[in-house]
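Each chain is listed here by its residues.
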Amino acid sequence: MAGTNLINRRGALIGAAGATGTLLAGAAAAAVPEIDTGRVQGGQVEFPAWTAPTERPSGGPPNPMPVSERVGFAVVGLGRLTLEEVLPAFGEAKRSRLVALVSGTPDKAARVAAQYGLRPEAVYDYAGFDRIRDNPEIRAVYIVLPNSLHKEYTIRAAQAGKDVLCEKPMAMSSAEGQAMVDACRAAGRKLMIAYRCQYEPYNREVLRMVREATFGPARFIDAVNVQNQGDGAQWRFKRALAGGGSLPDVGLYCLNAARYLTGEEPVEVFARSVSPPGDPRYAEVEESVTFMLRFPGGVVANCATSYGMHESRLLRVHTPGAAISLDGAFSYHDKQLRITRREGRAEAVEERRIPMLNQFALELDHMAECILSNREPHTPGEEGVQDHRIMEAIYQSAASGQPVALPRVEGLDRTRGPAPSS
Ligand code: NDP
């Protein structure tokens, strides 16, 4: 038995250490209980609960897949998101591993490859990108480039026989997005759009409460995603690279949240867009957009996005029985979930703390799981195309000052694959 072996081994080791050791060996004569050693069950290492039932259970060991069995990713574009979030997230991923980099900046790429233990042959440049076809370690490609480059590299990756995870916004327009969906389908490859919030536990808890109508049906959604953008030289201010300003970059989170919370598609949008006159950064793209989405089941979502306001990322769902408020809803970290409702004669404000998990690791692992089990991703290309269609209607409404009607879509979650398992 594993427990007995442990005791014997410890006894022998400690016994050999001399008199003190003999004392300890005596103390260790009783079997070390499983609560301390843990156990292996079904290929997973697990520990019995060690705290009382009154305490929140720990998540247990992460039990990652053996490294050689994980899905190998090539990450394309070594910008801020890649270096600050995506590459570190591989350290917390269970089914995914980093196997290659693609970059146009050789000294940075060489440094990053060394930092993450990759061989120089695992670094590609954009001209040599198609050579990824010959690297069997690369099963998936994660596109983290400026928006205008998503289509080209998605299609090249699919044609090189790789499945694709692409950053949001998926493209510059719904037509481009549809071309990406079609190209991946023609190549028989998966396409997932990196809507990280749909994999993140706090957002999923709000989703659960809304879909189960825990406090009654959702009636009204408020979503704000604003930040104060700096230097005008960056690609985000260039229409040809970004496709738009705050709307496709950060307003997209509000739009996507309203869609995944209700599961419905809006039938009407109404929008206004403003930019500070005379600020050269807004010569090509907008600073701020507010937009209203009307859903067929009666929910109205009021959304606001901007490049000119101090960071604030708030999602609030109003129901007859409670207000559900998620501060930091679209942030990488620092989330606060509050439920406000009646408690007898008092108004109770309940804060729910959920163990934080790395949402980039969750997203990578969802893609890996879809590849390993040949499943449709929860946020496939179609999810991104629909956001583009609605953003096009938002811009149209902002330009005309009139509401814009959208085609009615029957059923729920029509652009989504099965829900993530973890
Ligand atoms: P950065 O500006 O920080 O980095 C972009 C990188 O792309 C550059 O460092 C460069 O990498 C490469 N690149 C190749 N061609 C160009 C070009 N013509 N101009 C500029 N860069 C180029 O961007 P982010 O990392 O912030 O954003 C990348 C993508 O990720 C965007 O689509 C964005 O919307 C999305 N994003 C998503 C977030 C999320 O939370 N899901 C958060 C932030 C961004 P190299 O030198 O290696 O070639």
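Refer to the preceding data block for the structure.
Everything numeric in this text was worked out from a predicted model, so none of it was measured.

Student: Is there a simple way to explain the sheet that holds strand S8 (residues 191-193) in this structure?
Tutor: The strands making up a sheet associate through hydrogen bonds between their backbones, and the pairing can be parallel or antiparallel. Pairing is parallel in the open sheet, where 6 strands are placed in the order S5-S4-S3-S6-S7-S8. Two strands bound the open sheet, and with one partner strand each, they are strand S5 (123-124) and S8. Packed on one face of the sheet, helix H11 (residues 359-372) meets strand S3 (71-76), strand S4 (96-102), strand S6 (140-143), strand S7 (163-166) and S8 and runs near 125° to S3.

Student: Even after reading the chapter, I still don't get the pattern of salt bridges, so can you show me in this structure?
Tutor: Where charged atoms from two side chains of opposite charge approach closely, those side chains can pair. As enumerated under the stated definition, the model contains 29 salt bridges in all. Where arginine 208 meets glutamate 212, a salt bridge forms, and the shortest distance between an N and an O atom there is 2.9 Å. The exposure class assigned to arginine 208 is partly exposed, which follows from its relative accessible area of 32%. When the shortest N-O distance is used, the salt bridge between glutamate 383 and arginine 416 registers 3.0 Å. Separated by 33 residues along the polypeptide, glutamate 383 in helix H12 (residues 381-400) and arginine 416 in the segment after strand S17 (404-405) bring together distant segments of the chain. Arginine 416 carries the same exposure label as glutamate 383, and that label is buried.

Student: What's the story with the site of the ligand in this structure? I'm lost.
Tutor: In the region of the ligand, 26 residues are neighbours, and Ser103, Thr105, Tyr126, Asn147 and Arg196 sit closest. Measuring from an oxygen atom of the ligand, one finds a side-chain N or O atom of tryptophan 235 at 2.7 Å. Within the side chain of arginine 236, an N or O atom sits 3.0 Å from an oxygen atom of the ligand. Against a free-state accessible area of 900 Å², the protein chains account for coverage of 83% of the ligand. Elements represented by at least two residues in the shell around the ligand include exactly helix H4 (80-90) and helix H10 (246-262). For the shell around the ligand, the per-class residue count stands at 12 nonpolar, 7 polar and 7 charged.

Student: I'm lost on the nonpolar core in this one. Help?
Tutor: Core analysis: the largest hydrophobic core is formed by 100 residues, its most contacted members being Phe73, Tyr142, Phe291 and Leu293. Built from parts of two domains, this core gets at least three residues from each of domain 1 (67-194) and domain 2 (197-355 + 380-405). Counting 5 residues, the second-largest nonpolar core is a separate cluster that includes Phe237, Tyr282, Val285 and Tyr307.

Cut-off values and rules
- Residues numbered from 1 in each chain as written.
- Predicted model: local features only at pLDDT ≥ 70, side-chain atom pairs only at ≥ 80, totals over all residues.
- Heavy atoms only, no water.
- Pairing = 2+ DSSP bridges.
- Helix = DSSP H or I, 4+ residues; strand = E, 2+ residues; numbered from the N terminus.
- Contact = heavy atoms within 4.5 Å.
- Axes fitted to C-alpha atoms, helices over the stretch in contact; angles between N-to-C directions.
- Salt bridge = Lys/Arg side-chain N within 4 Å of Asp/Glu carboxyl O.
- Buried < 20%, exposed > 50% of the residue type's maximum accessible area, 1.4 Å probe, protein only.
- Near = heavy atom within 4 Å.
- Polar contact = N/O pair within 3.5 Å; in protein donor to acceptor, adjacent residues only side chain to side chain.
- Areas by Shrake-Rupley, 256 points an atom, 1.4 Å probe, with all protein chains shown as cover.
- Nonpolar A, V, L, I, M, F, W, Y, C, P; charged D, E, K, R; others polar.
- Core = buried A, V, L, I, M, F, W, Y, C linked by side-chain atoms within 4.5 Å.
- Domains from an automatic or database assignment.

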